[in-house]
Each structure stands twice: as C-alpha cells, then as structure tokens.
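Read off the chains here:
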Amino acid sequence: MSVYKSDFLNVLQQRGLIHQISDPVALDDVCAKGPITAYVGYDATATSLHIGNLISVTMLYWLQQTGHQPITLMGGGTSMVGDPSFRDEQRQLLNEESIARNIEGIKKIFGRILRYGDGPNDALMINNADWLLKLNYVSFLREVGRHFSVNRMLSFDSVKLRLDRQQSLSFLEFNYMIMQGYDFVEINRRYNCILQMGGSDQWGNIINGVELSHRMGGPQLYALTTPLLTTSSGAKMGKSAKGAVWLNGDLFSPYDFWQYFRNTEDADVGRFLKVFTRLPLDEIARLEALGGSEINEAKKILATEATAVVHGREAADAASETARKTFEEGTVGGDLPTLEISRAELDAGAPALGLFVKAGLVASNGEARRQIKGGGLRINDAPVTDEKISLTLKDLTSEGVVKLSMGRKKHVLLKPV
C-alpha cells in the first residue's frame with residue numbers, strides 16, 4: 001500500500017529504508033512535483049566502502065531509478081578532520097596523499113550501482129575539498145560558525161555519548177559537524193541539492209545543515225536517514241570471520257561476499273532481499289514465505305543478487321557456482337580463497353596445523369587441536385585425525401591444490417608456487 005505520493009519515498013518505505021525524515025509531508029510534495037537532487041557523503045577513511053555504506057548507496061540508486069539526480073560526495077576535506085560520531089577516541093589523522101588514495105579505491109563501487117554522465121538525472125561525483133580547503137578561517141567563523149549553538153551541539157548523541165564516557169573530544173573533531181552542515185549549504189548553492197541522506201547515526205550532522213540553511217536565509221532543505229541494520233539476533237551487520245565486509249573485491253572477495261549473505265539468519269532473509277537486491281517485491285514475498293529447508297534456496301538467491309549488485313553478474317554467478325561445486329559436489333571451486341606455499345616447503349613436508357593457522361581458518365595451533373578432536377578440520381574433504389600430520393606434494397588434488405576446510409562452510413585452497 002502506498003504511504004507517499006512520490007515514487008521515491010514509496011520505494012524506500014516498501015523496502016524498509018526509511019528511519020527518519022525531517023519534514024516527510026513537504027519532502028513528499030517536492031519529490032512528487034518533479035525531479036530533485038540529493039546527496040550522500042562518504043569520508044575517505046579507508047580504500048573501500050563497507051557493507052554499511054551499501055545501504056546509503058542503495059538509496060541513491062532508487063533515487064535515480066525514480067527519476068531524480070543523485071550526488072556522491074567524496075569527503076576530501078572532512079576526512080582531514082574525521083567524524084567523531086559514536087567513537088570513543090579520535091580517528092587517526094590522514095594526510096592528503098592517503099585521502100586521495102582512499103578516494104580512488106572508494107570510487108570503484110559507484111560505477112556499478114549508479115549511472116554517471118551528462119543527462120538530467122545522471123549521477124554527479126564531487127569532492128568537498130574543492131571548497132573546504134579554500135575557506136578563510138575568520139570569515140568562516142563570522143559567516144557560518146556564529147549560527148551554531150555549542151549548547152545544542154553538546155546535546156547530540158554523537159557528542160554526548162563520548163562525553164558521558166569521559167572520553168575527550170578535541171576541538172578539531174568538534175568542527176566536523178560545522179563542516180558537514182556547511183557542505184549541505186554549499187552543495188545546495190552549487191547544484192540546487194535539497195536533500196541529504198545517510199545512516200541514522202548521521203541525523204544530527206544532517207539536521208545541522210538543514211538548520212544552517214534556514215539561519216543563513218537559504219531555501220528549505222531536508223534530511224532523510226536509513227536504519228542501521230542489525231541481524232535478528234541483535235548483532236550489527238558488517239562483520240565476518242575475516243573482519244569487515246568490504247565492498248572492494250581485493251579486500252573481501254566476491255566469493256566471501258556471497259558466503260556472507262548465504263549465511264544470513266532465516267528471519268532476516270526477506271528484509272535483506274528488500275534492502276540489498278533489486279528483485280521485485282512480489283518475488284521477495286514469495287521467497288520470504290519459504291519454510292524449512294527451502295529457505296536455503298532463498299538465501300542462495302539473496303547471496304547471488306547482492307553479490308551481483310556489488311561485483312557484477314559474472315562474479316556473482318562464479319561465486320554461486322564455486323559454492324555449488326564445493327558444497328553439493330564436493331569438488332574444488334575456482335573462486336575459493338587461496339594461500340600460496342613454496343613447492344620446496346611442501347615437498348619437505350609442511351605441518352598441517354600451521355597451515356590451517358596461516359590460512360586463517362583457526363587462530364592458533366591450540367584451536368586447531370581442539371577442532372581436530374571435534375572433527376572440525378578436513379584436508380581434501382577427509383577428516384584430520386592426527387594433529388602431527390604434515391602435507392606434501394602427494395596431497396595435491398588433480399587440480400594441483402590442497403583443500404583445507406574448517407567445518408562445512410570455511411575453505412581455503414593451498415597452492416604450491
């Protein structure tokens with residue numbers, strides 16, 4: 001059932017992507033009357049975005065699909081300060097070279113999801129370093145800083161939580177919310193952008209921009225945030241056994257990405273299909289209704305479709321086929337993570353326990369021994385029963401590798417070089 005007049009807000013609502021809107025009725029009216037421009041900002045704190053960022057990029061995707069123009073803002077300027085939101089300590093300060101390198105890595109994901117170009121609703125990519133690094137400090141304080149209340153800034157959760165934990169908040173960090181608020185005003189001036197979107201943890205920072213525009217005599221601006229997704233068991237999304245779930249394949253492979261979604265909890269399948277795939281809602285409803293062992297088929301579809309969004313259809317299909325061969329046929333899939341080992345070391349006999357540790361399947365030799373006792377470790381799909389076993393060239397499969405496994409879902413290929 002439609003809640004809003006505009007296609008854009010209806011799509012977000014139906015897919016569970018709306019947490020808060022600063023003025024929902026007014027924003028809905030504006031979106032229904034004609035195309036708007038909206039943006040999301042991304043600070044360059046790493047060489048890749050992570051799965052949490054994928055939700056805001058998805059909002060930009062649906063914005064474009066419903067006829068509006070998205071802007072991806074690279075935080076070349078704000079990254080030099082660092083967002084203090086919900087952190088116990090100051091971020092490590094980055095120099096301009098590191099920020100530029102991170103931005104190049106981050107850019108890789110957007111081209112797969114958004115359409116850039118010169119058309120009326122083609123996406124734009126901009127960098128706030130273009131205006132923030134040119135500001136005159138005293139002029140900025142007089143023209144912008146005077147509109148911010150320190151009392152109000154201290155009341156925001158992102159700041160209050162830090163102070164409540166008796167952790168210091170540097171003057172540098174305190175300026176971050178002023179800079180982000182000014183970004184919104186400046187982007188409105190340059191691109192007639194009226195909406196900023198982001199995660200719910202960015203609500204205070206976004207509202208600062210809405211209020212700053214009003215105080216500086218500018219137009220009405222709007223804020224929209226998406227929920228910070230957690231699993232049904234209460235865990236925050238974005239962590240795997242290998243660490244953060246990055247969107248760039250060199251940090252987190254398409255196969256690992258596929259497996260991350262394949263391991264979704266049963267209760268989360270429908271919700272994640274709405275958020276992370278482009279499948280029609282009626283098809284999602286059908287998959288969500290599957291019960292028993294059939295829910296595993298829905299999980300495979302979720303994994304393949306989510307991987308296709310981030311890594312492309314070819315990589316998604318390859319990951320799906322690797323998983324099928326690994327789990328259904330027991331053969332070696334080509335996209336499994338690989339650990340290289342010198343042929344000489346393998347020829348001499350390499351202790352298996354150490355190789356499981358190097359492969360990241362277990363944290364230590366002690367954990368490997370415990371897994372062996374429980375039947376958790378396998379070599380070429382055969383259970384390991386002797387903790388003193390060594391691997392040699394004789395253990396290579398017909399594919400020229402050794403398959404190391406921990407449980408049914410974690411596998412690494414040992415490859416001699």
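Caption draft 1: Focus on unusual backbone geometry. For Asn192, which is not a glycine, the phi torsion comes out positive at approximately 55 degrees. Residue position: Asn192 is located in the loop between helix H10 (176-191) and strand E5 (195-199).

Caption draft 2: Fine view of the packing of aromatic side chains. Inspection of the entire model under this criterion finds eight aromatic pairs. Judged by centre distance (5.7 Å) and plane angle (85 degrees), the ring pair of Phe272 and Phe276 falls under edge-to-face. One end of the pair, Phe272, and the other, Phe276, are both in helix H13 (residues 269-276), four residues apart, so they sit about a helical turn from each other. Residue classification places Phe276 among the buried residues on the basis of a relative accessible area of 2%. One aromatic cluster in this structure is built from Phe257, Tyr260, Phe261, Phe272 and Phe276. For Arg278, the ring lying beneath its charged end belongs to Tyr61, and the centroid distance is 3.8 Å.

Caption draft 3: The nonpolar core, seen in detail. In this structure, Leu224, Phe257, Phe261 and Phe276 are the most contacted members of the largest nonpolar core, which totals 99 residues. Considering each element in turn, this core owes the most residues, nine residues, to helix H3 (residues 51-65). Once residues within four sequence positions are removed from consideration, Phe257 is found in contact with Ile51, Leu54, Val245, Trp246, Leu247, Phe252, Ala306, Thr307, Val310 and His311. Among the nonpolar cores identified, the runner-up in size contains 22 residues, and Val362, Leu391, Leu404 and Met406 belong to it.

Caption draft 4: How the structure looks around H10. For H10, with 16 residues, the first-to-last C-alpha span of 22 Å sits near the 22 Å given by 1.5 Å per residue. Among the 16 residues that make up H10, 13 are buried, leaving the element largely enclosed by the rest of the structure. One or two steps after H10, the chain reaches Asn192, where phi turns positive at roughly 55 degrees.

Caption draft 5: Representation of the side chain of Gln180. Assignment of secondary structure puts Gln180 in helix H10. Residue class for Gln180 comes out buried when judged on its relative accessible area of 7%. At 3.5 Å, the side chain of Gln180 forms a polar contact with the side chain of Asn205. The residues touching Gln180, leaving out its near neighbours within four places in the chain, are Tyr39, Gln196, Gln202, Asn205 and Ile206.

Reading guide: rules and limits
Going along each chain's sequence as written, the residues are numbered from 1 onward. Under the rules for a predicted model, residues below a pLDDT of 70 receive no local features and side-chain atom pairs below 80 are neither given nor counted, while totals for whole chains, interfaces and linings still include all residues. Hydrogens and waters are ignored; side-chain quantities use all the structure's heavy atoms. Runs of E in the DSSP output that reach at least two residues are strands. Runs of H or I that reach at least four are helices, and both are numbered from the N terminus. Centres within 6.5 Å are what make two rings of Phe, Tyr or Trp a pair, Trp counting through its six-membered ring; a difference in plane orientation under 30 degrees is then read as stacked, over 60 as edge-to-face, and the rest as tilted. Type-normalised accessible area, obtained with a 1.4 Å probe on protein chains alone, sets the label of each residue: buried when under 20%, exposed when over 50%, and partly exposed for intermediate values. Charges are assigned to positions over rings by a cutoff of 6 Å between ring centre and Lys NZ or Arg CZ, combined with an angular limit of 35 degrees from the ring normal. Each nonpolar core is a collection of buried residues, namely Ala, Val, Leu, Ile, Met, Phe, Trp, Tyr and Cys, held together in the definition by side-chain atoms within 4.5 Å. Any pair of residues with heavy atoms lying within 4.5 Å of one another is described as a contacting pair. Helix span is expected to be 1.5 Å times the residue number reduced by one. A 3.5 Å cut-off defines polar contacts: any pair of N or O atoms within that distance qualifies, except that in protein one atom must be a possible hydrogen donor and the other a possible acceptor, and neighbouring residues in sequence count only when both atoms are side-chain atoms.

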